[in-house]
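# Residue-level structural notes
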Amino acid sequence: MTRALALFSGGLDSILACRVVAAQGIMVQAVKFVTPFFGYELLAREQEYAREIKDSYGIEVVLRDVSESYFAMLRNPSYGYGKNFNPCIDCKILLLKEAKRLMSEFSASFLITGEVLGQRLMSQRRDTLRVIERDSGCTGILLRPLCAKNQEPTLVEREGVVDRELLLDFNGRGRQPQIQLAERFGITGYPRPAGGCVLTEPDQARRIAWYYARYPEVRLNDIRLLLFGRHFQLPHGGWFVLGRDEAENERLEALHVSGDFLVYMPERSGPMGILHGARHPDDFAAAAGLVVRFGKKMVDASAATVLFVSESDERRLVAEPLADQLFQGWSL
């Protein structure tokens with residue numbers, strides 16, 4: 001049986017692309033690539049996620065973590081960034097390269113994506129689609145079922161492996177054709193359109209750009225820290241991340257690694273923090289003041305003991321809450 005490997009985002013377009021090809025009797029295996037910028041939390045429940053997709057849409061899916069190669073690409077994307085820190089064209093090229101490498105593992109003859117001509121201004125123009133296909137090394141083996149009739153036939157269409165007449169000619173940003181096709185397939189409960197990638201979100205993108213400008217070596221743990229909490233660049237170079245609620249405190253504690261200080265008030269409720277790269281005593285004092293400032297206020301008690309714990313060091317500071325005007329310029 002002919003097999004195809006599909007790039008799967010989990011959105012309606014990728015679901016439909018898989019189903020359109022599978023309807024021709026072709027075995028479709030979907031792969032969802034993840035990084036901390038999109039889908040990373042699924043790695044903690046991979047089997048459950050695969051069952052959900054199979055039960056909901058009849059699609060077999062596996063996860064693949066491409067974080068390290070993605071981090072490297074993000075530093076200097078060949079086609080630059082979009083409005084924020086999103087390297088959409090280079091992202092698609094990288095993911096297709098990764099998918100092409102997986103074809104032999106899944107005995108796939110060609111690749112599928114859910115791209116629609118004209119749907120995204122940066123990465124789904126006609127000229128850009130050709131560039132992506134060429135630079136990923138996927139010329140002739142990349143089928144875009146939802147807009148195939150608006151493009152030159154691929155090898156599998158020319159050879160009759162896929163019936164071109166059963167493919168689509170979707171174009172533009174309207175969603176009605178996809179919704180109607182979903183109804184024909186009996187697909188319900190699909191996700192509504194959303195960005196999905198934090199690199200397109202202005203606040204997150206700005207923070208990640210700051211990190212890339214400052215640190216020559218990207219650490220997975222650092223990227224995960226960047227994506228939640230309050231962030232401060234302290235006056236002498238320390239980077240301080242502060243939880244905003246109990247759930248974020250738990251995430252910070254789980255992401256605490258050797259070399260960083262876990263910071264909290266042992267005798268009072270309040271936020272937990274991670275202090276990275278601090279060397280100067282004033283940065284420790286600033287971090288302590290921030291923990292007290294955002295902690296639970298106690299009657300007749302403004303000052304509090306703040307504990308700094310690393311693998312090889314432990315410090316205690318008694319700190320007053322830091323005045324807001326002192327740290328307004330530190331926020332990232």
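To start, this report covers the structure provided alongside it. Please read these numbers as outputs of a predicted model, since none were measured by experiment.

### A look at the overall build of the protein
Secondary structure assignment for the protein yields twelve helices and eleven strands. C-alpha atoms of the protein, sized along the principal axes, occupy 80 × 40 × 35 Å. When the 332 residues of the protein are sorted by exposure, 50% land in the buried category. Of the roughly 16200 Å² that the protein leaves accessible, carbon and sulfur atoms contribute 48%. Each charge class in the protein was averaged separately, 41 positive and 42 negative side chains, and the resulting centres sit 5 Å apart.

### Overview of the layout of surface pockets
Within this model, the second largest pocket holds a volume of roughly 310 Å³. Along the walls of the second largest pocket sit 19 residues, with R130, E133, R144, Q151 and E152 positioned nearest its centre. Residue assignment for the lining of the second largest pocket shows that the elements contributing at least two residues are helix 5 (126-135), strand 5 (142-143) and helix 6 (155-158). If you tally residues by element for the lining of the second largest pocket, the top one is helix 5, at five residues. Its residues placed into classes, the lining of the second largest pocket shows six nonpolar, five polar and eight charged.

### A word on the pairing of strand 6 (residues 230-233)
The sheet contact formed by strand 6 and strand 7 (residues 239-242) spans four bridges and is antiparallel. Counted as the bridge partner of H231 is V241 from strand 7.

### Concerning the packing of aromatic side chains
Enumeration over the complete set of coordinates arrives at 17 aromatic pairs. With 6.2 Å between their ring centres and 85° between their planes, W210 and Y215 make a pair best called edge-to-face. According to the relative accessible area criterion, W210 is buried, its value standing at 15%. With a centroid separation of 6.3 Å and an interplanar angle of 75°, the aromatic rings of Y211 and Y212 are classed as edge-to-face. The class for Y211 is buried, based on a relative accessible area of 0%. Three or more aromatic residues joined by ring pairs make a cluster, and in this case those are Y81, F85, W210, Y211, Y212, Y215 and W239. The ring of F294 has R293 sitting right over it, with the charged end atom 4.5 Å from the ring centre. The side chain of R315 reaches across the aromatic face of F284, ending 4.0 Å from its centre.

### Some points on unusual backbone geometry
The backbone of S107 shows a phi angle near 55°, a positive value even though the residue is not glycine. Along the chain, S107 turns up in the loop between helix 4 (88-102) and strand 4 (110-112).

### Looking at the sheet that holds strand 10 (residues 304-309)
On the basis of which strands lie adjacent, the open sheet formed by six strands has the order 6-7-9-8-10-11 and antiparallel pairing. Of all the strands in the sheet, the pair left with one neighbour each is strand 6 and strand 11 (314-319). Direction aside, the axes of adjacent strands within the sheet are offset by 20° on average.

### Overview of the sheet that holds strand 1 (residues 3-7)
Spatially, 3-2-1-4-5 is the arrangement adopted by the five strands of the open sheet, whose pairing is parallel. Edge positions in the sheet fall to strand 3 (60-65) and strand 5, since each of these pairs with one other strand and no more. Two elements, strand 1 and strand 4, share three bridges in a ladder whose sense is parallel. Following the sheet pairing, L5 is matched in strand 4 by L111. Where helix 1 (residues 12-22) meets the sheet, its contacts fall on strand 1, strand 2 (27-34), strand 4 and strand 5, and the angle it forms with strand 2 comes to roughly 160°.

### Focus on the nonpolar core
Counting 50 residues, the largest nonpolar core has L5, F37, L111, I208, Y211 and Y212 as the members making the most contacts within it. Secondary-structure elements contributing two or more residues to this core are strand 1, strand 2, helix 3 (67-75), helix 4, helix 8 (202-214), helix 9 (220-226), strand 7 and helix 10 (246-255). With eight residues, the top contributor of residues to this core is helix 4. Setting aside residues no more than four positions away along its own chain, L5 makes contact with Q29, V31, A99, L102, M103, F106, A108, F110, L111 and I112.

Parameters at a glance
- Residues numbered from 1 in each chain as written.
- Predicted model: local features only at pLDDT ≥ 70, side-chain atom pairs only at ≥ 80, totals over all residues.
- Heavy atoms only, no water.
- Helix = DSSP H or I, 4+ residues; strand = E, 2+ residues; numbered from the N terminus.
- Buried < 20%, exposed > 50% of the residue type's maximum accessible area, 1.4 Å probe, protein only.
- Areas by Shrake-Rupley, 256 points an atom, 1.4 Å probe, with all protein chains shown as cover.
- Lys, Arg positive; Asp, Glu negative; His and termini not counted.
- Charge placed at Lys NZ, Arg CZ, Asp CG, Glu CD.
- 1 Å grid on protein atoms, 1.4 Å probe; cavity = no way out; pocket = protein on both sides within 12 Å on 5 of 7 lines; lining within 4 Å.
- Points joined across faces, edges and corners; volume = space filled by probe spheres on them.
- Nonpolar A, V, L, I, M, F, W, Y, C, P; charged D, E, K, R; others polar.
- Pairing = 2+ DSSP bridges.
- Phe/Tyr/Trp six-rings, centres within 6.5 Å; stacked < 30°, edge-to-face > 60°.
- Lys NZ or Arg CZ within 6 Å of the ring centre and 35° of its normal.
- Axes fitted to C-alpha atoms, helices over the stretch in contact; angles between N-to-C directions.
- Contact = heavy atoms within 4.5 Å.
- Core = buried A, V, L, I, M, F, W, Y, C linked by side-chain atoms within 4.5 Å.

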